[in-house]
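A look at the structure
Listed here are the chains, written in short residue letters.
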Amino acid sequence: MFSGFMLNAWLAGSIVAIVAGVVGFFVVVRGTAFSAHALPLGAFPGAAAARLLGVDEFFGLIAFAGLGVLGIAALGRRNRHDVATALSLVTLLGLGALFLSLTQQYSQEVYALLFGEVLGVSNAELLPVAVLGGMAIVLTLAFFRPLLLSAVSAELAEAEGISAAAMELLFLGILGFATAVTVPVVGALLVFSLMVGPASAARSLTTRPGPAMALSVALALVTAWASIALSYVTDWPVGFFVGALGAAWYALGRIVVRRVGEVRAPVVQ
Amino acid sequence: MDFLLKSVVAPGFFTSQPVITAMIVGGGAAIVSAIVGVFTVIRGQSFAGHALADVSSAGGSASFLIGVNPLLGFVVMALVAGAGIEVFGVKDVRERDLVTGIITGAGLGLAALLLYFAVRTTSTTGAAITVMFGSMFAISQSVAPLAIAVGFAALLMVGLLFRPLLLTSLDPELAAVAGINVRLVNGLFLMMLALAVSLSAITIGAVLSTALLIGPAATALRLASRPGIVLLLAPFAGLIATFGGILLAYDSYGWGGGHGWPVSFCIVALVLTLYLLASLVSRFGIGLKALDIEA
């Protein structure tokens, strides 16, 4: 389980989990669940397009995630993003249907992009995963306070000169980077579970934002490692374990909250 | 005239059994999804609509594995997901979205596992693409009767609950004051949504079904605001996109290049074209103001 070819899986899985834990915390706090589901799914045709053009799949993922961000931002109206998100998503996926038929890709590769293929990470893929993941984390940490403040209280944020629209766009951009990192490993359909499951449990256990984010990262790492190990032992797809564990974390959070009372918003110092 | 018709419709279109089945199932899906979609857009539940379709893919995958009518699989899992959202859902919108996403993730994880078993035990290698992106000309004739039944059930529910459904969609507080059981109507709406998206899922695929649900409804809402007119325009837009898409895909086999364009792509492209046209029309306000009586 820890032999040479598995080393990449553990490394990539760990990087992906850290990114998902950090970004996921803000997905939960800012309530951008649909975007966080739609961007990875809409970016997946980018990988098919990249193969069609013969370039690295990360370029395709980044380009399509970028298109998704632009679509959601341009079509969305104030406080109403759901129709814009849905339409952007199906536009990209419609192109995906076309690319898939043009490339005549093996069903196995499509399956891997949708549901994850942690065992197939090559040495060459580790570097872009680390660089893009690092960018997503640095951006999130650099804008930690304004991102949090604009999520918890739009009025307070405006009073401090933080534009809600700018923070929305910034966060969509961060989600885009996180998407390109996580999709090849856990799959376009299940990135969401890794981001949101651990983060939702973490925010139920503490209201202090720093520890909550740390806890979110820790639980995401546990999820990724457990999923890789279980996938290795059973030979079942890694996405199944990620989805199931994500739901388990959320359930744990709900149980804790029921005992303690209401979910409280994070406290901004 | 005959020449014109032949140059638009490639030979054999109206006599091909796969095309006829695709038009029956696809047309039904377009009508039902568009009508339910109007309420979905007004209620701001696009994510729920997409989520139910995503989870329904687990049912589609299961039917590959055990060999039952694929529509049955989609419908059952979509209903299960709808019940899950209703049972675990909470009032707060952010929290509801979170629950929706978590259920989606769990459902898709299950789909991953079932597809894995399906590929292992049977020789259906294209199962993932069929379930997720649809394969309309491959819909079995035996699906049609069940599809029609599911479509009628959904439309019947919309018809019986029309006024409470509309009122809870437009103004839930007013509906509660008027003595409507909002929680019950919301739950029943999720059932209608489940029936509608499973029809679309078997037509253009689970992840693309959102196009038929949201696209025509958003198009109609751009052009009119009176509920009666919106509910007529939306299915009309859905049917144009679906039948046009089937025709384009069928014709594309004759355009060279070795293979045709996927039907799902053609339908989604037409859905979006109609939406963009409607946005242009409404932006420049070309003579449709007469329809805007009730804002």
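Just so it is clear, the structure is predicted and the values come from calculations on it, not from any experiment.

**What about helix α10 (residues 182–204) of chain B?**
Look at α10 of chain B: 32 Å from first C-alpha to last across 23 residues, which is about the 33 Å you get at 1.5 Å a residue. Counting buried positions along α10 of chain B gives 18 out of 23 residues, so the element sits mostly inside the fold.

**Considerations on the interface of chain B and chain A**
At the interface, 48 residues of chain B touch 51 residues of chain A. Surface buried jointly by chain B and chain A totals about 4,200 Å² across both partners, of which 74% is contributed by carbon and sulfur atoms. For the pair chain B and chain A, the number of links is 1 salt bridge. A salt bridge links R203 of chain A to E95 of chain B; the nearest nitrogen and oxygen atoms lie 3.3 Å apart. Across the contact surface, chain B and chain A share 8 residue pairs in polar contact (both at pLDDT 80 or more). Put simply, the parts of the chain that give the side of chain B that touches chain A at least two residues each are α3 (46–66), α5 (93–121), α6 (127–133), α11 (209–223) and α13 (263–284) of chain B. Top contributing element to the side of chain B that touches chain A by residue count: α5 of chain B, with 20 residues. Here the side of chain B that touches chain A is built from residues that sort into 29 nonpolar, 13 polar and 6 charged.

**Things to note about the packing of aromatic side chains**
Under the criterion given, the structure shown has 15 aromatic pairs over all chains. Their ring planes at 75° and their centres at 5.2 Å tell us that F25 of chain A and F26 of chain A sit as a pair that is edge-to-face. Neither F25 of chain A nor F26 of chain A differs from the other in exposure class; each is buried. Ring centres of F25 of chain A and F144 of chain A lie 6.4 Å apart, and the angle between their planes is 0°; on these two criteria the pair is classed as stacked. Here F144 of chain A lies in helix α7 (residues 144–152) and F25 of chain A lies in helix α1 (residues 4–30), a separation of 119 residues in the sequence. Put simply, the rings of W236, F240 and F241 of chain A together with Y116 and F117 of chain B pair up and form one aromatic cluster. The ring of F189 of chain B carries the charged tip of R43 of chain B above its face, separated from the ring centre by 4.5 Å.

**Digging into the environment of V28 of chain A**
Note on placement: V28 of chain A falls in helix α1. In this structure the C-alpha to C-alpha distance between V28 of chain A and M195 of chain A, which are 167 residues apart in sequence, comes to 8.7 Å. For V28 of chain A, the contacting residues outside a window of four places in its chain are V196, A199, S200 and R203 of chain A together with L98 of chain B.

**What about the packing of α11 of chain B against α13 of chain B?**
All names here are of chain B. Direction vectors running N to C along α11 and α13 enclose 15°, while the axes themselves pass 8 Å from each other. Classed by the angle they form, the pair α11 and α13 counts as roughly parallel. As for the relative orientation of α11 and α13, their crossing is left-handed in sense. Of the residues in α13, those in contact with A211, L212, G215, P216, A218, T219, R222 and L223 of α11 are I267, V268, V271, L274, Y275, A278, S279, V281 and S282. Its residues assigned to classes, the contact of α11 with α13 comprises 12 nonpolar, 4 polar and 1 charged.

About the cut-offs
- Residues numbered from 1 in each chain as written.
- Chains lettered and ligands numbered in written order.
- Predicted model: local features only at pLDDT ≥ 70, side-chain atom pairs only at ≥ 80, totals over all residues.
- Heavy atoms only, no water.
- Helix = DSSP H or I, 4+ residues; strand = E, 2+ residues; numbered from the N terminus.
- Expected span 1.5 Å × (residues − 1).
- Buried < 20%, exposed > 50% of the residue type's maximum accessible area, 1.4 Å probe, protein only.
- Contact = heavy atoms within 4.5 Å.
- Buried area = accessible area lost by both parts, 1.4 Å probe.
- Salt bridge = Lys/Arg side-chain N within 4 Å of Asp/Glu carboxyl O.
- Polar contact = N/O pair within 3.5 Å; in protein donor to acceptor, adjacent residues only side chain to side chain.
- Nonpolar A, V, L, I, M, F, W, Y, C, P; charged D, E, K, R; others polar.
- Phe/Tyr/Trp six-rings, centres within 6.5 Å; stacked < 30°, edge-to-face > 60°.
- Lys NZ or Arg CZ within 6 Å of the ring centre and 35° of its normal.
- Axes fitted to C-alpha atoms, helices over the stretch in contact; angles between N-to-C directions.
- Parallel < 35°, antiparallel > 145°, perpendicular 65-115°, else oblique.
- Left-handed = near helix turned anticlockwise from the far one by under 90°.

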